[in-house]
Amino acid sequence: MTPPSSPATSLDAASTLVAARLDGLREAGLVREDLYVDGRWRQASNDQRLEVHDPATGILVGAVATASAEDTREAIAAASRALAGWRALPAGVRAEVLWRWQQLLTSSSEELAALLTIEQGKPIGEAVGELTYSAAFLRYFAEEARRAYGEVIPYNRPGRRLFALRQPVGVVAAITPWNFPALMIARKVAPAIAAGCTVVLKPPSEAPLSALALAELASRAGMPPGVLNVVHGDPVVVGAVLTESPDVRMLTFTGSTEVGKLLMAQCAPTVKRVALELGGNAPFVVFDDADLEAAVTGAIESKFRNAGQTCVCSNRVLVHAKVHDEFVERLTQGVGELVVGHGIDPRVQVGPLIDGRALAKVQRHLLDATSLGAEVRRGGRPHELGGTFFEPTVVVGAQAGMAIAREETFGPVAPVFRFETEEEALALANATESGLAAYFYTRDLGRALRFGEALEFGVVGVNTGSISYEGAPFGGMKQSGLGREGSHHGLEEFLEVKYLCVDGVTATAR
């Protein structure tokens, strides 16, 4: 096995740069560590703090307030008080707030990208991309706020008028993940407040600082008190209050399927609307007529983005037997050229895993695969940088019975499976309870349509490993969740349809 590329910058040098960037962020007022409730920054009632560490170096980055159950109830109460006034505002007024928020985010993107990288670990280039995409969601739903159209229904008897109104669902609880700590907020909060809802946001314990920076910018943009509230802390404590409260009418969550099922069950007693974007097990299928250069580029882009820690990244690479060996050779070479290191260095392409549990899962999957006959062609070990860094890895000889085929690895490991026919590829691709994203490469137009329609996944990329766009619906099938984010479908998630039947319209105009 060829050793992976050396880190571009030593961790000691990166640590010095991190400290300087944090000082600049604090001077700009973008490092916040308290709860944001009813338009004010406040400490937690229990005086507890949660430490946030740079996953690449272990350096303490900050210590955020840990919300108690009472703090969470106060945030819900603030959102409830703000609801009537916010939903009554003209859509254009809500849109203006989102526009200003988007403009502030865009102008602060360089500073916020550093913060995101420092607390989450992804390369700075990816962090900039995430913030650009986040701003796109704010901009898109600022525009979409004006398009929550109702309907005039032809009446069924004289003297009646019938209408279908779209109205905000109410107070929304949003629980977001650590792998995209800014993007997931924009994708959920922007359509909710555009629709006229108010929000209680629970960001991830691993990476809460980006959420607080976004709340600071929302405040500067003129977001009225109580419309957006941020409470971070123990997910069991905060989550229980959010799901039990009858004042919270909807829960939107991105995270693991296991936790999504638990939250769904907790929402059942109050019959909340739920929008769930859960785990994936994405196949990446390469047919024998594919453009191999494009396929290898797409596979690397899809698999190793954010060190493989995305719910839509390729978890299983399925390659036709005729091109298997050539594809593996090209993939192995490309993976070997990836630069591993601290994401604050702009040359770095792969950062650390988020924590020790993530590292242990990657190692467990590889041990299982190799014990069952798979072969590591590149990588396969913790990186020489130590900590939670892991070598970008290519595995061949993967089989359906391995854990790496059944479970979401969430790490920088590309297992390659071999197939012979289109029917076999389809069966392998669909052989999962997850149904979030899938990718395949072919030059056959008929196959592109046929295979794309047969895949049991909510998002499908054909001849591309990059499918994200704020104007397109995003969401899963099967156990990958409920509902859609992005596009006008994303706004409709936060709207109720009310039927209004008006009788007595009998007077004749004079």
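Above this text you will find the structure in question.
Residues numbered from 1 in each chain as written. Predicted model: local features only at pLDDT ≥ 70, side-chain atom pairs only at ≥ 80, totals over all residues. Heavy atoms only, no water.

**What to know about the nonpolar core**
Soluble, globular proteins show a tendency: their nonpolar side chains are buried together. By size, the foremost hydrophobic cluster in this structure holds 72 residues, and its most contacted members are Trp101, Ile193, Val199 and Met223. With near-sequence residues (within four places) excluded, Trp101 lies in contact with Leu138, Val189, Ile193, Leu214, Leu217, Ala218, Ala221, Met223 and Leu228. Val296, Val340, Ile404 and Ala405 belong to the second-largest nonpolar core, a separate cluster that totals 69 residues. (Core = buried A, V, L, I, M, F, W, Y, C linked by side-chain atoms within 4.5 Å. Buried < 20%, exposed > 50% of the residue type's maximum accessible area, 1.4 Å probe, protein only. Contact = heavy atoms within 4.5 Å.)

**Concerning the pattern of salt bridges**
Across all of its chains, the model carries 27 salt bridges by this definition. Arg357 is the salt-bridge partner of Asp355, the closest N and O atoms lying 3.4 Å from each other. The class for Arg357 is exposed, based on a relative accessible area of 64%. Of the charged contacts, one joins Arg377 and Glu375 as a salt bridge, the two residues approaching to 3.2 Å between their closest N and O atoms. (Salt bridge = Lys/Arg side-chain N within 4 Å of Asp/Glu carboxyl O.)

**Points about the side chain of Glu493**
Relative to the helices and strands, Glu493 is located in the loop between helix 16 (487-492) and strand 22 (495-502). In this structure, Glu493 is buried with no salt-bridge partner, the nearest side chain bearing the opposite charge being Arg273 at 5.5 Å. With sequence-adjacent residues up to four places away left out, Glu493 is seen in contact with Met250, Arg273, Ala275, Gly483 and Arg484. (Helix = DSSP H or I, 4+ residues; strand = E, 2+ residues; numbered from the N terminus. Lys, Arg positive; Asp, Glu negative; His and termini not counted.)

**Examining unusual backbone geometry**
Phi at Asp47 is positive, roughly 60°, even though this residue is not glycine. Topologically, Asp47 is positioned in the loop between strand 2 (40-42) and strand 3 (49-53). Despite not being glycine, Val271 shows a phi value in the positive range, around 50°. Among the secondary structure elements, Val271 is positioned in the loop between helix 9 (257-267) and strand 11 (273-277).

**Here's the deal with the packing of aromatic side chains**
Aromatic rings considered in pairs are described by the distance between their centres and by the relative angle of their planes. Considering all chains together, one arrives at 11 aromatic pairs under this definition. With centroids separated by 4.8 Å and ring planes inclined at 45°, the aromatic side chains of Tyr36 and Trp41 adopt a geometry described as tilted. Judged by relative accessible area, which is 3%, Tyr36 ranks as buried. Overall, Trp41 belongs to the partly exposed group, its relative accessible area being 22%. Seen in terms of ring centroids, Phe287 and Phe451 are 5.0 Å apart; in terms of plane orientation they differ by 90°. Their pairing is edge-to-face. One end of the pair, Phe287, is in the loop between strand 12 (282-286) and helix 10 (292-304); the other, Phe451, is in helix 15 (residues 445-454), with 164 residues separating them in the sequence. According to the relative accessible area criterion, Phe287 is buried, its value standing at 1%. Each residue in the set Tyr133, Phe137, Tyr140 and Phe141 is aromatic and connected to the rest through ring pairs, giving one cluster. Positioned above the aromatic ring of Phe457, the side-chain terminus of Lys478 is 5.7 Å from the ring centre. (Phe/Tyr/Trp six-rings, centres within 6.5 Å; stacked < 30°, edge-to-face > 60°. Lys NZ or Arg CZ within 6 Å of the ring centre and 35° of its normal.)

**Digging into helix 4 (residues 109-120)**
For helix 4, which comprises 12 residues, the first-to-last C-alpha distance of 16 Å matches the rise-based estimate of 16 Å (1.5 Å per residue) to within 8%. Judged by how many residues are buried, helix 4 sits mostly within the fold: 9 of 12 residues are covered. Looking at helix 4, one finds that the buried residues are Leu112, Ala113, Ala114, Leu115, Leu116, Thr117, Ile118, Glu119 and Gln120. In this structure, the buried residues of helix 4 make contact with helix 1 (11-27), strand 3, strand 4 (60-65), helix 3 (91-107), helix 5 (124-144) and helix 7 (209-220). Directly beyond the C-terminal end of helix 4, a positive phi value near 105° is found at Gly121. (Expected span 1.5 Å × (residues − 1).)

**Describing the sheet that holds strand 6 (residues 161-168)**
With antiparallel pairing, the 3 strands of this open sheet are ordered in space as 5-6-22. The open sheet has two edge strands with one neighbour each: strand 5 (151-153) and strand 22. On average, each strand axis in the sheet is inclined to that of its neighbour by 25°, with strand direction left out of account. In this structure, strand 5 lies alongside strand 6, joined through 3 bridges in antiparallel fashion. Residue pairing across strands places Val152 opposite Phe163, the latter belonging to strand 6. (Pairing = 2+ DSSP bridges. Axes fitted to C-alpha atoms, helices over the stretch in contact; angles between N-to-C directions.)

**So, the environment of Asn306**
Along the polypeptide, Asn306 turns up in the loop between helix 10 and strand 13 (314-320). It is 7.4 Å that separates the C-alpha atoms of Asn306 and Pro123, two residues lying 183 residues apart in sequence. Setting aside anything within four residues of it in sequence, one finds Asn306 in contact with Gln120, Lys122, Glu126, Asn179 and Phe180. At 3.3 Å, the side chain of Asn306 and the side chain of Gln120 are in polar contact. At 3.1 Å, the side chain of Asn306 forms a polar contact with the backbone oxygen of Asn179. (Polar contact = N/O pair within 3.5 Å; in protein donor to acceptor, adjacent residues only side chain to side chain.)

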